[in-house]
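Structure at a glance
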Amino acid sequence: MSTTKHEQILKHIEDLEVGNKISVRQIAKVMEVSEGTAYRAIKEAETRGIVSTIERVGTVRIEKKQKKNIERLTFAEVVNIVEGTVLGGREGLHKTLSKFVIGAMEVDAMLRYIDRDSLLIVGNREQVHKISLEHGAAVLITGGFDTTDEVKVLADRMQLPIISSAYDSFTIATLINRAIYDRLIKKEILLVEDIMPANVVPDVLFVGDTVKTWYKMVEETGHTRFPVLDGGERLVGIVTSKDVTGRELDEPIERAMTRNPISASGRTTVAYAAHMMVWEGFELLPVVEHKRLVGVISRQDVIRAMQHIQNQPQVAQTIQDIILSHFKEEEGNGRDVVLSGVVTPQMTNQMGTMGPGVLMTLINEAGSLAIRRLKNSDMVVENVSIYFLKPIQIESQVTIHATVVDSGRKFGKVDVEISSLGDLVGKALFTAQVLER
């Protein structure tokens, strides 16, 4: 069976030794293909994890990367979290701990809980340190205590860290739990790199191409928007049907393109990317790392991602979740949304009144619900204007009443009133841009 040029290039890259530098021009010359074909193959190799673009170095052949588990911590991270000192086993700091155990029991009872790659939190009990290491578990000594030279030598031999921290067992367990909890929250936040289509190499044009090439790409792909790259694979522009209208076929694409296009990085949140695309009216957003194009996302990619977020079960609570858990929706009138709840101590400032950030969260939730139900679509907040606000005391019953006052195909405006014990204590106007499907 004959293989395509694309597959041949990928095989050529896979056969290169780890550490070899590659470039679009080099591959194009060696494999006798166009720079566009070479570029697409290199980018697919990058998505497969066999090459990586490193700043000031270039694109390099690497060992295939394994995706890290964000719910786990390495022993090196634990050292930083507990402000600890490594007494031995430094070569094992890169390892990931599967769980941690507090050693507040007799040795025989403790053994059933000690597993390989776990972390035993215990005081100055040298015999327990040794037994833990022999069973494949690292050790975290509380109270800032040291251990014996024999244990340190064993830790080095087993390549299992033994760490000393001045904190007590309860504080250490709390710190580690907090770190894992924070990571679970981060896991729920979708980033642009999470929604970029997998193993899909973006269709691009190069500055040396002409308007005729654009028309050819439209026929081949069915798309009309393409990022434009220079010889170093850096994003320099974007070209659409509007840009090429009225241009001669042999005119350089560089003259027609829109220069310095707005772009995102892989670590940009999907919510922020959605805001940029709606605000600027983009259908296509380039994704760059170190000024080099790594992919593109479309408005449909963003909408699907936001729908996915809404359907996911909550794993860990954010501050917003904690606030909203104390409020419930009352039965409204038609378009209206009514939230009702009590101001808890967590929601107050040092003066014992509801904090402005809490109030903004409630206004945002009520306004978003009102627009979402009317338009049956996703949206991004554009503006919130608070006209007046009175102090709202701790343990006060609060009602947030949101009414859609104006809406169009691409926007919605909501009047939000906040009342407490029958008195109007706040009023705001909430505006959002609607994401068209």
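Use the structure listed above.
Attention here is on the structure that accompanies the text. (Residues numbered from 1 in each chain as written. Predicted model: local features only at pLDDT ≥ 70, side-chain atom pairs only at ≥ 80, totals over all residues. Heavy atoms only, no water.)

The subject of this paragraph is helix H7 (residues 149-158). Of the residues making up H7, those classed as buried are Val 151, Lys 152, Leu 154 and Ala 155. Burial along H7 is one-sided: seen end-on, the buried residues are contained in an arc of 160°. Of the residues in H7, the exposed ones pointing more than 90 degrees away from the buried face are Asp 149, Glu 150, Val 153 and Arg 157. On its buried side, H7 packs onto strand S5 (85-88), helix H6 (126-134) and strand S10 (162-164). Just downstream of H7, Gln 159 is the residue with a positive phi angle, here 55°. (Buried < 20%, exposed > 50% of the residue type's maximum accessible area, 1.4 Å probe, protein only. Helix = DSSP H or I, 4+ residues; strand = E, 2+ residues; numbered from the N terminus. Arc of directions from axis to C-beta. Contact = heavy atoms within 4.5 Å.)

The topology assignment puts Ser 340 in strand S18 (residues 337-342). Engagement of the side chain of Ser 340 in a polar contact is seen with the side chain of Gln 397, the distance being 2.8 Å. In this view, Ser 340 contacts His 326, Phe 327, Lys 328, Glu 330, Gln 397, Val 398 and Thr 399; residues no more than four positions away in its chain are not counted. (Polar contact = N/O pair within 3.5 Å; in protein donor to acceptor, adjacent residues only side chain to side chain.)

With that out of the way, let us pick up the sheet that holds S10. Strand order across the open sheet formed by five strands is S5-S10-S9-S8-S7, with mixed pairing between neighbours. Every interior strand has two partners, whereas the edge strands, S5 and strand S7 (100-102), have only one. Adjacent strand axes in the sheet meet at a mean angle of 25°, parallel and antiparallel pairs treated alike. Judged from the three bridges that link them, S7 and strand S8 (residues 119-122) form a sheet pairing that is parallel. Paired with Val 101 across the two strands is Leu 120, which belongs to S8. Set on the sheet, H7 makes contact with S5 and S10; between it and S5 the angle comes to about 90°. (Pairing = 2+ DSSP bridges. Axes fitted to C-alpha atoms, helices over the stretch in contact; angles between N-to-C directions.)

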